[in-house]
Amino acid sequence: MGEKDLRSKGHSPLFFFLVPSEHSTETAVMNGGGAPEHTGELEPRQDGDAGDDSNEQEVIVIQDTGFNVKIQAPGTEPFDLQVSPQEMVQEIHQVLMDREDTCHRTCFSLQLDGNVLDNFAELKSIEGLQEGSQLKVVEEPYTVREARIHVRHIRDLLKSLDPSDAYNGVDCNSLSFLSIFTEGDLGDSGRRKKKGSELEQIDCTPPEHILPGSKERPLMPLQPPNNDWKPMQCLKVLTMSGWNPPPGNRKMHGDLMYLYMVTVEERHISVTASSRGFYLNQSTTYTFNPKPANPSFLSHSLVELLSQISPAFKKNFSALQKKRVQRHPFERIATPFQVYSWTAPQVDHAMDCVRAEDAYTSRLGYEEHIPGQTRDWNEELQTTRELARKNLPERLLRERAIFKVHSDFAAAATRGAMAVIDGNVMAINPGEETRMQMFIWNNIFFSLGFDVRDHYRELGGDAAAHAAPTNDLNGVRAYGAVDVEGLYTLGTVVVDYRGYRVTAQSIIPGILEREQEQSVIYGSIDFGKTVVSHSKYLELLDKTSRPLKVQRHDVLNEKDEAVQLCSSVECKGIIGNDGRHYILDLLRTFPPDLNFLPVEGEELPPETQKQGFPRLHRHRLACLRQELIEAFVEHRWGTINRQDAPQVDQTNGVESPSTTTATEDSLEPVVNGVSEPEGTQNGQVEGPLGGKEADETIPGLAQAKELAESLVAEDGSDPKSREVVLNACKAVGSISNTSFDIRFNPDLFSPGVRFPEESTDDIQKQKQLLKDAAAFVVSCQVPSLRIGICELITRCAKHFFKTYLQGVELSALSAAVSHFLNCFLSSFPDAVAHLPPDELVSRRKNRKRRNRVPGGGDNTAWASLTPSELWKSIAAEAQSYYHFTLQCEGVDQVVEKHGLQKITLLREISIKTGIQILIKEYNFDSRHKPAFTEEDILNIFPVVKHVNPKASDAFHFFQSGQAKVQQGFLKEGCELINEALNLFNNVYGAMHVEICACLRLLARLNYIMGDHQEALSNQQKAVLMSERALGIEHPNTIQEYMHLALYCFANGQLSTALKLLYRARYLMLMVCGEDHPEMALLDSNIGLVLHGVMEYELSLRFLENALTINTKYHGSRSLKVALSNHLVARVYESKAEFRSALQHEKEGYTIYKNQVGEAHEKTKESSEYLKYLTQQAVALQRTMNEIYKNGSNASITPLKFTAPSMASVLEQLNIINGIIFIPLSQKDLETLKAEVQRRQQLQESGKFEEQTADGLLELDDKIPID
């Protein structure tokens, strides 16, 4: 891990790509890392016949031909730097600005043999640049822009260990605490090289509050103190001088700007930034004298200047940079989207010129972009979509551009939405009442989530207006993922802040100059009363209808004419002044959920009615999620397979009942003997694997697709097969008679939408399909979900909090939030709000000027809220929104009755509403004083929802790697996952949640293949990335800590392993409490490690707790319980308490015997262990009898009390964590692979029907989906 990791393109030691094996000789071998500038295509060839698909694709490995150059910088010794031909010169600049000895330089050029290199040139395009070339760093003259960049960079270096930006949620900084528990880096360079001898010096005692059964839930350990953050003060003040900007005559002397500083030695100095560098001038606070001081200490960098005049600066700056570069790069790289912390310590507010400038200059364009000009977000978002995507390099470039613009847009939209709600942006319709106001800031359009002009009256008013933006965002996400060329959606971000919902959208060119009625050429602006259509839109939307499962249908317009649509009526088509076809208002992309939409005269299936559906919801926009529709379609396909087993063969589509083989060929995806070309169907370009491998990784989907895409051959096919296909298609509700293709009509049951009479039969079928989907949700999906009471309560509280905050003016915000939290969580019965002393004055002023902040009304109504009133409201909300009866009058009753924790409720409500509180111990249970004061509320952050653009090729590689691993091909899987990592780095930069999933799987593979050190390094990166990109106590982060602990243990770092497990248990207690099924796995891990270090009493506490939890959640006959009993028995054996050991092992043996039979190896192992324990017990009894009989003269055979070996502990750790090693010789491995391949080929040719068992390795790594 080093400077290369900080470069934007990600490290790329190897580049793999796939080609079918028979073409391998034709492949042009190319150099290069994972950069997108390859020439040639890295695609599977698709020019064989239909049978080609089944060939094993092979991986070609190409070494990255990196080379070394020498860097000569002023004042330092020349040093070597490894570079890659695909890098840009600019990336060497970045590395030099990060290196300890050159970090203070920002304004320089790189020269080769006296020629200045172009910043944006690739190294491979520079003539004469080769292994060993010397690049000279040459100082360049400053401009105002360069001087500002320099000051900003020096500020960042001075603040590089200061966590305040992370606490304040600024510039994509976020927290990480891993290094405190690992005491630095775990890699080769780390301080953790001791092995073996470590056993004697371990302090294994866990903190009291994490022991099983402890009721104490402290908050302070969430952010353990980090000694690196203790400020090393280099400067007291660095700020812009009040004498800026320089007057005309001084500009002509080269003055660019003036700075004011106070050194640690209390020396007040005034500095001129000039084109030649920085020097001391003779100005003071009140007199302007720009002449150079004597001596002036002219220096090209501020660091050099300050090092000459302040010994403390010189010493501390050098120490600070040493510490900075020792930190893991993942602790300091910016995250792609801002992560906010719900707790923070009280930090002294320091003077910060850069933050001050950011706050008070209109930071719209920000100087890295075109100066003096705001960004045209719409143009950027759409242009990136239009980039070429024919081959892998082009797609990487395109996806990287799309991702970068999206993350920039999300950040700008968030800043703008906060400015709107804080009242800092002028409305474009200032005369209207505040709820109806709209805003434009930085080329982004903002609207509030209220029902303006009764637009949503028939759909639920304000409730519908609040739900519509998230539905719309889901529609934007879905159409964006289908990615049809020529169809455009708006950049969309939904921000919840201070109780308001704000939708931020990019602006269609020309939309503001026209009336909406003139602009809309497709869809409806009045929910279906008037409807128009357009042939180009039908053509474009038709390409999305299959992947999105949208049924093309006719509706009647106001003249009773049939109008054809390929989306819901609300979806509007507008051609912008740029000629692009935009669609917007995608809130009904997915069909309605009939469980929450009672319709007169329509009955739902009986299984749904039994559950009390349909129920009236507060708005009529409840719709089925996309994942749910996919699950329903898959379920339908499975149902047909099960019902028509004799007729439907799982691999080859449909068979005739009379013959078993005659018609197999008729349903292959072959039309007249020619295979359908893969690649551009639905406007989607396939990834590097084509559709085949990607589909194999999603169970059932491959078969569903095969049938869906198969067409009955036209000439001479068996009429019986046609009939079977026809019946099967009818049974599943497919829209086609020849293929499996389910689609939904999104306009069903929409008020105001009418359908032509001739389509009545179709509409009835479509309604039935929708009712079946509603029943599927209730009977199949909901039972598999566990929504906790805690989640339900905090969601109800959030709904209340939203309207509560809207009536609060800015000066009373902290008082109102603390009062709400007291009413919600404090046992103190008489929570009284403290109104700020100037309340009345400010209210009087307010009446005079028009209240520009949305809301208004009685600004002190919030103060009258009482705990009982709040809990009544929460109970009423639970009943009306979730139909759940919460029979509790206050927080203490709820906590008692449902076994909840106040700290968890606090965390959940804070995260859901954006509250940041002071990190300290809160006494929730005091009946004498409230838990919170207004000083405890530090900040309120926005809660942001946006689209997450995906790296499609990387994702395909990742999925194929997973599939390979599950088939037992570890090495090939590892290579594919490594390549996925390179491609993810290429698109997302170095930090992203999907890279985190990739690193986790890679670490697991390294571990299984015996490379423990590499596993440790990759898992360390995964933990850091999860902390930074998801949050320090996110459930994924807790799991990453557990995996890292296992690899530390395997590397002999026992105390580190325990610290990591204790941290994981603390976080788990904080997030969900002890009563959770995952806690059993965590406690088994802790118990095993403690057993390994001979802490038997402690070990038993954790293992017995795991046994209790497993029994509760998995039942007393579960195999997990059998394993838990065995682990407990082992510890009792080590303690020589054989009776207890026998008792637990017998329990385990009985479960194994009943569940897997006596012949199973697990049952046999247990039986052997029982015999061994019995022998030990008998031997111990004999010895005891001997002692009783003969006293001190007894001749005793020494008993073997062996401490468990590390190998046996590790073996058990692997078993409980689902890692199974298969001890096979090389020959066995080859045989196994050949067998797997043979089975695959048989399956593909349709002769092998039985389902093969799940993969040899259970790897549960999935990339998170929004």
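Residues numbered from 1 in each chain as written. Predicted model: local features only at pLDDT ≥ 70, side-chain atom pairs only at ≥ 80, totals over all residues. Heavy atoms only, no water.

**Student:** Got a minute to help me understand the overall build of the protein in this structure?
**Tutor:** A tally of helices and strands in the protein yields 38 helices and 29 strands. Considering only residue pairs separated by 6 or more positions, the protein has 71% of its internal contacts joining residues 24 or more positions apart. Of the roughly 57,100 Å² of accessible surface on the protein, a fraction of 52% belongs to carbon and sulfur atoms. (Helix = DSSP H or I, 4+ residues; strand = E, 2+ residues; numbered from the N terminus. Contact = heavy atoms within 4.5 Å. Areas by Shrake-Rupley, 256 points an atom, 1.4 Å probe, with all protein chains shown as cover.)

**Student:** How do you make sense of the environment of V502 when you look at a structure like this?
**Tutor:** As for its position among the elements, V502 is in strand β17 (residues 500-506). We classify V502 as buried; its relative accessible area is 1%. Among all residues touching V502, those that are not within four sequence positions of it are A417, I421, F446, S447, L448, V493, V494 and V495. (Buried < 20%, exposed > 50% of the residue type's maximum accessible area, 1.4 Å probe, protein only.)

**Student:** Please explain the sheet that holds strand β5 (residues 108-112) as it appears in this structure.
**Tutor:** Within a sheet, neighbouring strands are paired by backbone hydrogen bonds and run either parallel or antiparallel to one another. Spatial strand order, β4-β3-β7-β5-β6: 5 strands in an open sheet with mixed pairing. Because the sheet does not close on itself, it has two edges, and the strands there are β4 (79-83) and β6 (115-116). As judged from the 3 bridges shared by strand β3 (residues 67-72) and strand β7 (residues 134-139), these two strands associate in the parallel manner. Within β7, the residue paired with Q72 across the bridge is K136. (Pairing = 2+ DSSP bridges.)

**Student:** Would you mind going over empty space enclosed by the protein with me for this structure?
**Tutor:** To locate leftover empty space, one rolls a probe as large as a water molecule over the atoms. One pass over the full model with this rule turns up 11 cavities of 30 Å³ or more. Counted as a void, the second largest cavity has a volume near 110 Å³. Considering the residues around the second largest cavity, the lining is formed by L381, Q382, R385, H406, V476, G480, T489, L490, G491, T492 and V947. Put simply, the parts of the chain that give the lining of the second largest cavity at least two residues each are α9 (377-385) and α11 (461-482). Considering every element that reaches the lining of the second largest cavity, the biggest residue donor is α9, with 3 residues. (1 Å grid on protein atoms, 1.4 Å probe; cavity = no way out; pocket = protein on both sides within 12 Å on 5 of 7 lines; lining within 4 Å. Points joined across faces, edges and corners; volume = space filled by probe spheres on them.)

**Student:** Explanation requested: α9 in the structure shown.
**Tutor:** Within an α-helix, residues lying three or four positions from one another point in the same direction, as the helix has 3.6 residues per turn. Within α9, burial applies to W377, N378, L381, Q382 and T384. Angularly, the buried residues of α9 cover 160° about the axis, an arc narrow enough to put them on a single face. (Arc of directions from axis to C-beta.)

**Student:** Hey, could you run me through the pattern of salt bridges in this one?
**Tutor:** A side chain of one charge can pair with a side chain of the opposite charge when the charged atoms of the two come close. According to the stated counting rule, one finds 62 salt bridges in the structure shown. A salt bridge links R332 to D98; the shortest N-O distance between them is 3.2 Å. Residue R332 is located in the loop between α7 (311-326) and β12 (343-344), and its partner D98 is located in helix α1 (residues 89-98); the two are separated by 234 residues in the primary sequence. D98 sits in the buried class, given a relative accessible area of 18%. Between E485 and R389 there is a salt bridge, and its shortest N-O distance comes to 3.9 Å. (Salt bridge = Lys/Arg side-chain N within 4 Å of Asp/Glu carboxyl O.)

**Student:** How should I be thinking about the side chain of S341 in this particular structure?
**Tutor:** When you line up the elements, S341 lands in the loop between α7 and β12. Separated by 2.5 Å, the side chain of S341 and the backbone oxygen of T343 make a polar contact. With residues near it in sequence (within four places) discarded, S341 still touches L175, Q223, Q916 and F941. (Polar contact = N/O pair within 3.5 Å; in protein donor to acceptor, adjacent residues only side chain to side chain.)

**Student:** Got a minute to help me understand a nonpolar patch on the surface in this structure?
**Tutor:** Nonpolar side chains collect at one region of the surface, where M1184, I1187 and Y1188 lie side by side and expose about 310 Å² of accessible area between them. Assignment of secondary structure puts M1184 in helix α36 (residues 1161-1190). The exposure class of M1184 is partly exposed, given its relative accessible area of 32%. (Patch = residues over 30% accessible without salt bridge, like charges linked within 9 Å, V, L, I, M, F, W, Y side chains within 5 Å.)

**Student:** Just checking my understanding: could you explain the packing of helix α27 (residues 970-988) against helix α28 (residues 993-1008) for this structure?
**Tutor:** The N-to-C vectors of α27 and α28 enclose an angle of 155°; their axes lie 10 Å apart at closest approach. With respect to their mutual orientation, α27 and α28 come out roughly antiparallel. Of the two elements, α27 crosses α28, and the hand of that crossing is left-handed. Only E994, I995, C998, L999, L1001, L1002, L1005, N1006 and I1008 of α28 make contact with α27, whose side of the interface consists of L970, G973, C974, I977, N978, A980, L981, F984, N985 and Y988. (Axes fitted to C-alpha atoms, helices over the stretch in contact; angles between N-to-C directions. Parallel < 35°, antiparallel > 145°, perpendicular 65-115°, else oblique. Left-handed = near helix turned anticlockwise from the far one by under 90°.)

**Student:** How should α7 be read in this particular structure?
**Tutor:** Given a rise of 1.5 Å per residue, 16 residues ought to cover 22 Å, and the 23 Å separating the end C-alpha atoms of α7 matches this to within 8%. Of all the positions in α7, only A312, F313, N316, F317, L320, Q321 and R324 are classed as buried. The buried residues of α7 occupy an angular sector of 140° when projected down its axis, which confines them to one face. α7 presents P311, K314, K315 and Q326 as exposed residues on the side facing more than 90 degrees away from its buried surface. The elements touched by buried residues of α7 are α1, α2 (144-158), β8 (235-240) and α6 (302-309). (Expected span 1.5 Å × (residues − 1).)

**Student:** Would you mind showing me how to read the sheet that holds strand β22 (residues 581-584) here?
**Tutor:** The mixed open sheet is built from 4 strands, whose spatial order is β15-β22-β21-β18. Among the strands making up the open sheet, the edge pair consists of β15 (487-488) and β18 (520-522). As paired elements, strand β21 (residues 572-575) and β22 share 4 bridges and run antiparallel to each other. Bridge pairing in β22 places I574 opposite Y582.

**Student:** Got a minute to help me understand unusual backbone geometry in this structure?
**Tutor:** If a residue is not glycine, its phi is most likely negative; likewise, a peptide bond is most likely trans. Cis geometry is found at the peptide bond from N244 to P245, where omega equals -10°. Structurally, P245 can be placed in the loop between β8 and α5 (248-251). Of note, the amide linkage connecting F613 to P614 takes the cis form, showing an omega dihedral of 0°. The topology assignment puts P614 in the loop between α14 (606-610) and α15 (626-643). The phi angle at D483 is positive, at roughly 60°, despite the residue not being glycine. Positive phi values are uncommon outside glycine, yet F749 reaches one of about 60°.

**Student:** So what exactly am I meant to see when it comes to the environment of V817 here?
**Tutor:** For V817, the position within the fold is in helix α21 (residues 813-825). What makes V817 buried here is its relative accessible area of 2%. Through-space distance from the C-alpha of V817 to that of L805 is 8.0 Å; in sequence the pair is 12 residues apart. Beyond its immediate chain neighbours, meaning those up to four positions away, V817 contacts F801, L805, I915 and I937.

**Student:** I would appreciate a short explanation of the packing of aromatic side chains in the present structure.
**Tutor:** Summed over the entire model, instances satisfying the criterion amount to 31 aromatic pairs. Pairing F181 with Y1041 gives two aromatic rings, centres 6.4 Å apart and planes at 85°, and the pair type is edge-to-face. In this pair, F181 sits in helix α4 (residues 178-182) while Y1041 sits in helix α30 (residues 1035-1050), placing the two residues 860 residues apart along the sequence. Judged by relative accessible area, which is 14%, F181 ranks as buried. Among the residues examined, Y1041 registers a relative accessible area of 0% and is labelled buried. For the pair Y1169 and Y1172, a centre-to-centre distance of 6.3 Å together with 20° between the ring planes defines the contact as stacked. Of this pair, Y1169 and Y1172 are both found in helix α36, 3 residues apart, which corresponds to roughly one turn of the helix. Assessed through its relative accessible area of 13%, Y1169 is described here as buried. The class for Y1172 is partly exposed, based on a relative accessible area of 31%. Linked through ring pairs, F800, F801, Y804, F820, F824 and W871 together constitute an aromatic cluster. Looking at R580, its charged tip hangs above the ring of Y488, at a distance of 5.5 Å from the centre. (Phe/Tyr/Trp six-rings, centres within 6.5 Å; stacked < 30°, edge-to-face > 60°. Lys NZ or Arg CZ within 6 Å of the ring centre and 35° of its normal.)

**Student:** Help me understand the pairing of β5, please; the structure alone is not making it clear to me.
**Tutor:** Residues in a regular strand project their side chains so that they alternate between the two faces of the sheet. Across the 5 residues of β5, 5 count as buried, placing the element largely inside the fold. As paired elements, β5 and β7 share 4 bridges and run antiparallel to each other. Within β7, the residue paired with S109 across the bridge is V138. Summarising the sheet, β5 and β6 pair through 2 bridges and their orientation is antiparallel. Bridged to L112 within β6 is N115.

**Student:** What am I meant to see in the nonpolar core here?
**Tutor:** Among soluble globular proteins, nonpolar side chains are generally buried collectively. If you look at the biggest cluster of nonpolar residues, it comprises 190 residues, and the most contacted ones within it are F820, L821 and F824. The element best represented in this core is helix α31 (residues 1054-1072), accounting for 13 residues. Non-local contacts of L821, meaning those with residues more than four positions away in its chain, are made with S826, L906, I909, I915, I917, F932 and I937. Grouped together as the second largest cluster of nonpolar side chains are 51 residues, L487, V531, L540 and A774 included. (Core = buried A, V, L, I, M, F, W, Y, C linked by side-chain atoms within 4.5 Å.)

**Student:** Explanation requested: the state of the cysteines in the structure shown.
**Tutor:** Cysteine pairs can be covalently joined through their sulfur atoms, and such a bond is termed a disulfide. Summed over the entire model, instances satisfying the criterion amount to 0 disulfides. Here C571 is not disulfide-linked; the sulfur of C566 is the nearest cysteine sulfur, at 9.6 Å. No disulfide involves C998; its sulfur sits 9.9 Å from the nearest other cysteine sulfur, which is in C996. (Disulfide = S-S within 2.5 Å.)

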